[in-house]
Amino acid sequence: MTLNIRTYHDLTEPDRSGLLAQVVAQRQRVAARLASVGHVIAVMSGKGGVGKSYVTAHLARALARDGRAAAVLDADLNGPTIARLLDAAGPLAVEPEGVRPLAGADGVRCVSMAHLVQDGQPLAFKGPEAESFIWRGTLEASALRELLGDVNWGALDVLLLDLPPGMQRFLELCDILPGPPAVLTVTIPTAESGDAVRRAMRAAVDRGAPLLGVIENMSGPPFAGRAGDDLVREFGVPLLARIPWHPAADTWGQLAGKLG
Amino acid sequence: MKFLCVECDRQMTFEERQLPGDGTLAAAFKCPACGRVVAMLTNPMETQLVASLGVQIGGRTVPVQPLETVRGMVATGREDAFVEAPAVATATGTIVWSAEAQERLTRVPNFVRGMVKKIYGDYAKERGIAEITPAVMDTARAELGLEGM
């Protein structure tokens, strides 16, 4: 017997589960929450250990000192460091409007998984351990969506998203946010870093994310190389800062000024 | 995912959701034409995947709670992660928790306790229940599909 079965989209009768509507509502919740945020900027790098979080925290503080309402979402769920870098300790207040972000150094608002997970413990989820790779990524994306949509960020000029190394979290953000975030890229001078960051920047371009520019961190000895120069030439974006191992007092203020 | 009654060529409609144990999620669907019922059973990994999406098969029974997936799924949450807003009040005053209900609530990890308490509080408020007892909690859990809370 040959069955003549219609397609999924051909079946349009009302569905009490309303799964599609639930997903749409999730996205609308994020969009509504971020409607009062002027700029959402992902600080990313294809390479680990280049100082993304350090740059993010100091840039946010400089923006705040410059009079702009700035916040940081620590999107590195498994290696959160923003809470310590901004000296922001919990607990988080759950209010009818949502979770209130904590105020850190220079008044920068932030939320980090470090506020939620026990000190010294990994981010572990309830559920079957076998083949957890199948669902763990989905769960982390859901957590990221909730941190964006359930935190009452308030009116902000800039929300910085401190991403973990690699491209995965950026791609998740592109699916969660109403549109791709602007991207601020951090590299160190070495060719190896340049190779990894180049791939991440290409992924951002492929998803239609505007590239704000490149920050070369840990610039100068002992690192040799010119990754920052190479990347800005290849992608046609500005080199926003070359940050030495011991930044001058006005380094962060100058960087903040370049972000308009 | 949708279910089609091939014989009737009709989309089957959701009837009931159960968690019978062993990590199984059971969802029953019924053909609106012939009345035939089928049940979809997921294995623990599939159940976890559905939960990870933050959606509820059968539709939502309670309003979205802040960070509900994080609070419901993180196993290593801090006991002191959250402070909650004051308890809800009914038209006649604040909802009272019986001693037995409070004792049961203390068995819920603090990481998720505030959210669970609010869900039960909202349930009582919507129904004009002045005191939450273990019986009310059981009824709410069954009605709202809050297995594990």
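Reading the values: rules and limits
- Residues numbered from 1 in each chain as written.
- Chains lettered and ligands numbered in written order.
- Predicted model: local features only at pLDDT ≥ 70, side-chain atom pairs only at ≥ 80, totals over all residues.
- Pairing = 2+ DSSP bridges.
- Helix = DSSP H or I, 4+ residues; strand = E, 2+ residues; numbered from the N terminus.
- Axes fitted to C-alpha atoms, helices over the stretch in contact; angles between N-to-C directions.
- Buried ≥ 20, exposed ≤ 12 C-beta atoms within 10 Å, placed from the backbone.
- Arc of directions from axis to C-beta.
- Contact = placed C-beta atoms within 7 Å.
- Nonpolar A, V, L, I, M, F, W, Y, C, P; charged D, E, K, R; others polar.
- Core = buried A, V, L, I, M, F, W, Y, C linked by C-beta atoms within 7 Å.
- Domains from an automatic or database assignment.

A look at the sheet that holds strand β4 (residues 24-30) of chain B
All names here are of chain B.
And step 1. Strand order in the open sheet formed by three strands is β3-β4-β5, and the pairing between neighbours is antiparallel. Edge positions in the open sheet fall to β3 (13-21) and β5 (37-42), since each of these has one partner strand only. Ignoring which end each strand starts from, the neighbouring axes of this sheet average 20 degrees apart.
And step 2. Bridge analysis of β4 against β5 gives six bridges, and the strand direction is antiparallel. Bridged to Ala 26 within β5 is Leu 41.

As for helix α8 (residues 251-258) of chain A
All names here are of chain A.
And step 1. Looking at α8, one finds that the buried residues are Trp 252, Leu 255 and Ala 256. Burial along α8 is one-sided: seen end-on, the buried residues are contained in an arc of 100 degrees.
And step 2. Packed against the buried residues of α8 are α2 (52-65) and β10 (239-244).
And step 3. Once α8 finishes, Gly 260 follows within two positions and takes phi at roughly 70 degrees, a positive value.

Concerning the pairing of strand β3 (residues 92-95) of chain A
And step 1. Only one face of β3(A) is buried: it carries A:Leu92 and A:Val94, and the other face, with A:Ala93 and A:Glu95, is open.
And step 2. As defined by bridge partners, β3(A) adjoins strand β6 (residues 82-84) of chain B across three bridges and the pair is classed as parallel. Across the sheet, A:Val94 pairs through a bridge with B:Glu84, a residue of β6(B).
And step 3. With three bridges connecting them, β3(A) and strand β4 (residues 98-100) of chain A associate as antiparallel partners. By the bridge assignment, A:Val94 is partnered in β4(A) with A:Val99.
And step 4. Taking the residues between adjacent antiparallel strands as the criterion, β3(A) and β4(A) are bridged by two residues.

Examining the environment of A:Val30
Residue and element names in this part refer to chain A.
And step 1. Relative to the helices and strands, Val 30 is located in helix α1 (residues 19-33).
And step 2. For the pair Val 30 and Asp 150, spaced 120 residues apart in sequence, the C-alpha separation works out to 7.7 Å.
And step 3. Sequence-distant contacts of Val 30, defined by excluding residues within four places in its chain, comprise Arg 145, Leu 148, Gly 149, Ile 176 and Leu 177.

Quick word on the interface of chain B and chain A
And step 1. Listed as interface residues are 36 residues of chain B and, on the opposing side, 43 residues of chain A.
And step 2. Those elements that place two or more of their residues in the side of chain B that touches chain A are β3, α1 (44-52), α2 (68-73) and β6 of chain B.
And step 3. With five residues, the single largest contributor to the side of chain B that touches chain A is α1(B).
And step 4. The residue makeup of the side of chain B that touches chain A, split by class, is 19 nonpolar, twelve polar and five charged.

Quick look at helix α7 (residues 227-235) of chain A
Residues and elements named next belong to chain A.
And step 1. All buried positions along α7 are accounted for by Ala 227, Gly 228 and Leu 231. All buried residues of α7 project into a common sector of 95 degrees when viewed along the axis, lining one side.
And step 2. In the core, the buried residues of α7 are packed alongside β8 (182-187), α6 (191-206), β9 (211-219) and β10.
And step 3. Gly 236 lies just past α7 and shows a positive phi near 65 degrees.

Quick notes on the sheet that holds β3(A)
And step 1. Pairing is mixed across the open sheet formed by three strands, whose spatial order is β4(A)-β3(A)-β6(B). Each of the sheet's edge strands pairs with one partner strand only, and the pair in question is β4 of chain A together with β6 of chain B. On average, adjacent strands in this sheet sit at an angle of 30 degrees to one another, irrespective of strand direction.

A short note on unusual backbone geometry
Trans peptide bonds make up the majority, and among non-glycine residues the majority have a negative phi.
And step 1. For the bond from A:Gly90 to A:Pro91, the omega torsion is 10 degrees, close enough to zero to count as cis.
And step 2. Along the chain, A:Pro91 falls in the loop between α3 (82-85) and β3.
And step 3. Of note, the amide linkage connecting A:Pro221 to A:Pro222 takes the cis form, showing an omega dihedral of 10 degrees.
And step 4. In this fold, A:Pro222 is placed in the loop between β9 and α7.
And step 5. In the Ramachandran plot, A:Met218 falls in the positive-phi region, its phi being about 55 degrees despite a non-glycine side chain.
And step 6. Mapped onto the fold, A:Met218 is located in strand β9.
And step 7. Since 21 C-beta atoms lie within 10 Å of it, A:Met218 is described here as buried.
And step 8. Look at B:Leu67: it is not a glycine, yet its phi comes out positive at around 55 degrees.
And step 9. Overall, the presence of 25 C-beta atoms within 10 Å leaves B:Leu67 in the buried class.

A word on the environment of A:Glu95
And step 1. Among the structural elements, A:Glu95 can be located in strand β3.
And step 2. With 25 residues separating them along the chain, A:Glu95 and A:Gly120 place their C-alpha atoms 28 Å apart.
And step 3. Among all residues touching A:Glu95, those that are not within four sequence positions of it are A:Arg100, A:Asn152 and B:Ala85.

A look at the nonpolar core
And step 1. One finds A:Val43, A:Val72, A:Cys110, A:Leu160 and A:Leu161 to be the most contacted residues of the largest nonpolar core, which totals 100 residues.
And step 2. Sorting elements by how many residues they give to this core places helix α4 (residues 110-127) of chain B first, with eight residues.
And step 3. Every residue in contact with A:Val72, bar those within four places of it in the chain, is listed here: A:Thr56, A:Ala57, A:Ala60, A:Ile82, A:Leu86, A:Val108, A:Cys110, A:Leu160 and A:Asp162.
And step 4. Residues B:Phe14, B:Leu25, B:Cys31 and B:Ile57 belong to the second largest nonpolar core, which totals seven residues.

So, the domain arrangement of chain B
And step 1. Here chain B is described as being made up of domain 1 (1-59) and domain 2 (61-149).
And step 2. One C-alpha centre belongs to domain 1 of chain B, the other to domain 2 of chain B; they are set 27 Å apart.

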